[in-house]
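Next come the chains, spelled out residue by residue.
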Amino acid sequence: MVYSEDLDAVISMVLMADPVSLSVVRQRFRRWLGNLRWPDEEIDDVVMAVNEAVSNAIEQIHPSEIGAEVRVAARQYAEPDGGRRVLVAVAGGKLWRPEPAGFRGQGLLMIHSCMDDVGVSREHDGITMMMTSAKVPPLPREA
């Protein structure tokens, strides 16, 4: 994996753990991926997955964690064959609510269907979801 030195290849934001933040993350990711000339159908998949991951983080943060934040960061990278992917991290909340009985987990299934790889880690400072997009073609070389 080859990381770009281009600062436009990176996006990072800290959002309040509030449902209003969802529209902000969708708008910023859609614009960022558009600037990277990502294929439209793949933009939709990444935006839906990131939206769901942020939504899950917001819903699961324990009510006692006043002023909690959700951190989102992503980076475009190139594979040896020139194909491109984005790696996205969504992190938030030191204290998470226990999952209710009968938890369906449909959001996680949707995230898995939109991204090539998904992992969740629980650390002392919170939970982080890492997602890797499907590979898209390299940008055409400019003449």
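Residues numbered from 1 in each chain as written. Predicted model: local features only at pLDDT ≥ 70, side-chain atom pairs only at ≥ 80, totals over all residues. Heavy atoms only, no water.

Some words on helix α1 (residues 21-35)
Under the 1.5 Å per step criterion, the end-to-end length of α1 is 21 Å for 15 residues, consistent within 8% with the ideal 21 Å. Every buried residue of α1 is listed here: S21, L22, V25, F29, W32 and L33. For α1, the angular spread of the buried residues around the axis is 105°, confining them to a single face. On the buried face of α1, the contacting elements are β2 (10-16), α2 (40-60), β3 (69-78) and β4 (84-92). Of the residues trailing α1, R37 is marked for its positive phi of about 60°. (Helix = DSSP H or I, 4+ residues; strand = E, 2+ residues; numbered from the N terminus. Expected span 1.5 Å × (residues − 1). Buried < 20%, exposed > 50% of the residue type's maximum accessible area, 1.4 Å probe, protein only. Arc of directions from axis to C-beta. Contact = heavy atoms within 4.5 Å.)

Here we look at unusual backbone geometry
The phi angle of most residues is negative, glycine excepted, and most peptide bonds adopt the trans form. The backbone of R37 shows a phi angle near 60°, a positive value even though the residue is not glycine. Relative to the assigned elements, R37 resides in the loop between α1 and α2. Residue classification places R37 among the partly exposed residues on the basis of a relative accessible area of 45%.

Things to note about the pattern of salt bridges
Here the structure, examined in full by the defined rule, presents 5 salt bridges. Salt-bridge contacts for K135 lead to E79; the nearest nitrogen and oxygen are separated by 3.4 Å. Placement of K135 in the segment after β6 (126-132) and of E79 in the loop between β3 and β4 is noted, with a sequence separation of 56 residues between them. A residue is classified by how much of its surface remains accessible, and K135, at 37% relative accessible area, is partly exposed. (Salt bridge = Lys/Arg side-chain N within 4 Å of Asp/Glu carboxyl O.)

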